[in-house]
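# Commentary on secondary and tertiary structure
This is what each chain is made of:
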Amino acid sequence: MIGILEERKLQVFENGKDSYGIECGKSSAAGSVSQRACVFCGSRVVLYPIADALHLIHGPIGCAAYTWDIRGSMSSGPELHRMSFSTDLQEREVVYGGEKKLYAALTELIAEYRPKAAFVYSTCIVGLIGDDVESVCRRVERETGIRVLPVHSEGFKGTKKDGYKAACDAVFKLMGTDDETPVSPFSINILGEFNLAGETWIIKDYYRRMGIEVVSCITGDGRVDEIARAHRAKLNVVQCSGSMTSLAKTMKDEYGIPFIRVSYFGIEDMTKALYDVAARFDDELITRNTIDLVSDEVGRLLPRLEKYRANLIGKKAAIYVGGSFKSFSLVKALRHLGMETVVVGSQTGSAEDYEYLKEITKEGTIICDDTNPLELSSFILNKGADLLIGGVKERPIAYKMGIAFCDHNHERKEALAGYEGMINFAREVHDSVTSPVWKFSPARIRARISPDQGGAI
Ligand code: SF4
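Residues numbered from 1 in each chain as written. Predicted model: local features only at pLDDT ≥ 70, side-chain atom pairs only at ≥ 80, totals over all residues. Heavy atoms only, no water.

### Overview of helix H13 (residues 324–336)
Taking 1.5 Å of rise per residue, 13 residues should cover 18 Å, and H13 covers 19 Å from first to last C-alpha, within 8% of that figure. Of all 13 residues in H13, 11 are buried, a share of seventy percent or more. Residues Ser 324, Phe 325, Lys 326, Ser 327, Phe 328, Ser 329, Leu 330, Val 331, Lys 332, Ala 333 and Leu 334 constitute the buried set of H13. A positive backbone phi angle near 80 degrees is found at Gly 338, which sits one or two residues after H13. (Helix = DSSP H or I, 4+ residues; strand = E, 2+ residues; numbered from the N terminus. Expected span 1.5 Å × (residues − 1). Buried < 20%, exposed > 50% of the residue type's maximum accessible area, 1.4 Å probe, protein only.)

### So, the site of the ligand
Within the structure, the ligand sits among Cys 38, Phe 40, Cys 63, Tyr 66, Thr 123, Cys 124 and Gly 155. Tallied by class, the residues present in the shell around the ligand amount to 5 nonpolar, 2 polar and no charged. (Near = heavy atom within 4 Å. Nonpolar A, V, L, I, M, F, W, Y, C, P; charged D, E, K, R; others polar.)

### Thoughts on the environment of Val 392
By the element assignment, Val 392 lies in the loop between strand S13 (387–390) and helix H16 (395–401). Spatially, the C-alpha atoms of Val 392 and Asp 369 are 18 Å apart, while their sequence positions differ by 23 residues.

### Quick notes on the UniProt feature "domain: Nitrogenase/oxidoreductase component" (unreviewed entry) in the protein chain
The UniProt record marks residues 38–432 with the feature "domain: Nitrogenase/oxidoreductase component" (unreviewed entry), using the residue numbering of this structure. In residues 38–432, the share of helix is 50% and the share of strand is 16%. The end C-alpha atoms are 30 Å apart. (UniProt positions renumbered as here; feature names shortened; annotations may be inferred.)

### What about the sheet that holds strand S14 (residues 404–407)?
Strand order in the open sheet made by the 6 strands is S1-S12-S11-S10-S13-S14, with mixed pairing throughout. The open sheet is flanked by strand S1 (12–14) and S14, the only strands paired with a single partner. Here the strands of the sheet are splayed against their neighbours by 15 degrees on average, with no regard to which way each runs. Judged from the 4 bridges that link them, strand S11 (residues 340–346) and strand S12 (residues 366–369) form a sheet pairing that is parallel. Paired with Val 344 across the strands is Ile 367, a residue of S12. Sheet contacts for H13: strand S10 (316–321), S11 and S13; angle to S10, the most-contacted strand, approximately 165 degrees. The sheet contacts of helix H17 (residues 418–433) involve S13 and S14, and relative to S14 the element is tilted by about 155 degrees. (Pairing = 2+ DSSP bridges. Axes fitted to C-alpha atoms, helices over the stretch in contact; angles between N-to-C directions. Contact = heavy atoms within 4.5 Å.)

### Considerations on the sheet that holds strand S2 (residues 53–58)
Pairing is parallel in the open sheet, where 4 strands are placed in the order S3-S2-S4-S5. Of all strands in the sheet, those with a lone pairing partner are strand S3 (85–86) and strand S5 (147–151), marking the two edges. Pairing of S2 with strand S4 (residues 117–122), which is carried by 6 bridges, proceeds in the parallel orientation. When the bridges of S4 are listed, His 55 appears paired with Phe 119. Helix H6 (residues 133–144) contacts S2, S4 and S5 of the sheet and is inclined by roughly 170 degrees relative to S5.

### Details of the environment of Asp 221
Mapped onto the elements of the fold, Asp 221 is located in the loop between strand S7 (213–218) and helix H9 (224–228). Taking the C-alpha atoms as reference points, Asp 221 and Glu 428, 207 residues apart in sequence, are found 24 Å from one another. Those residues in contact with Asp 221, other than ones at most four positions away along the chain, are Pro 49, Met 74, Ser 75, Ser 76, Asn 195 and Trp 201. At 2.9 Å, the side chain of Asp 221 and the side chain of Trp 201 are in polar contact. (Polar contact = N/O pair within 3.5 Å; in protein donor to acceptor, adjacent residues only side chain to side chain.)

### What about the nonpolar core?
Most often, soluble globular proteins keep nonpolar side chains buried together rather than apart. Counting residues in hydrophobic clusters, the biggest one holds 65 residues, and the most contacted among them are Ile 188, Tyr 207, Tyr 264, Val 277, Leu 387 and Phe 425. The element that contributes the greatest number of residues to this core is helix H12 (residues 284–312), accounting for 8 residues. Those residues in contact with Tyr 207, other than ones at most four positions away along the chain, are Ile 188, Ile 190, Ile 212, Val 214, Val 237, Tyr 264, Leu 274 and Val 277. Membership of the second largest hydrophobic core comes to 40 residues, among which are Ala 53, Val 171, Ile 218 and Ala 248. (Core = buried A, V, L, I, M, F, W, Y, C linked by side-chain atoms within 4.5 Å.)

So this is what it looks like as structure tokens:
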């Protein structure tokens, strides 16, 4: 069994056994090869889906390659976001500064693509060489008439959460400029939904059926003009609270817009999200529409889940995702499939999030903050998980250990939100967990216990 580094011991908790409060929100322990992404990556994943904006990464090409097309983030129109532009800083600029190169890249790209706005991301090296990114952005904005927004996201300067904050600060600067376009009294902004595989369209359709206008989705299938009038919506509905709570708080302070936290994953949380929004408007027609929508959707969904559940009862799952709010819904959704969560962790969870995870998981569940591959593998082995739910960095861990994997992160191509998403999730988990391929995995063979016999590896 692999041990846990001394400085990480308070970031790992076994439900029912350890009595200390879990530590979180701190810098990753040096040498632990964290699964967590950097500050720059945090800001990039939040802003990336704004499809009619230019995204220019000021730094070495590696930072751009690391986040190239990092999210599916589908667009119903322009696709400028899918290009990964970089100033490609070399040794020369590291010595003499990269401002000239940034100015040249920005003016050339704006002339070529005429974007609605441009985001300029500062990476580690820019923080080290001290380029004045703000002044270059101001100059280009003055000369071109296009909003150019610096994103202060030097990778080393904090955790991925600091990148979210930098992204929220940049988005907020786009708001407040459109006071003309009519906005319904029953209107919302969706915050923290990124349209990875078309989820924004599913959720928007639910709100449309309820009689609610979505002014902007920040940032799934996002448009600069929609963000410009987002300050006039009546309610902010925050899904990814890790990334968007800071923006929701700023909008509350500056524009008086209240916000609620929701999740669009799983049956209970999806339903609660719709009812919570309806309750905020307290309108008879909206309430009736919501009841009809939910009974319709849930009535069709439950019988379809049964065939998957029959094969999954008693299987165990490990979850390691970016934001912990998502993990709450996953624990509940897995329960609908007859599965138990035995390991759950996140890159950016807060103390309250981990407290809630303690409440909804069983005794013996490992709850961890900012884990690393060795720890995660050890927890999976120890608890005998049959499935790992995670993202791009967790997929190889699952495959090397010979257990099933479900992608619940940036790159997935399957919509997992809403009632349709629950069926897709059930199918994906089912097909992976019951696949015969795992019994040929070297890790399984070494463990000499076949998954068919219901044993742990
Ligand atoms: S910003 Fe820094 S930590 Fe992030 S990818 Fe670039 S070099 Fe790596």
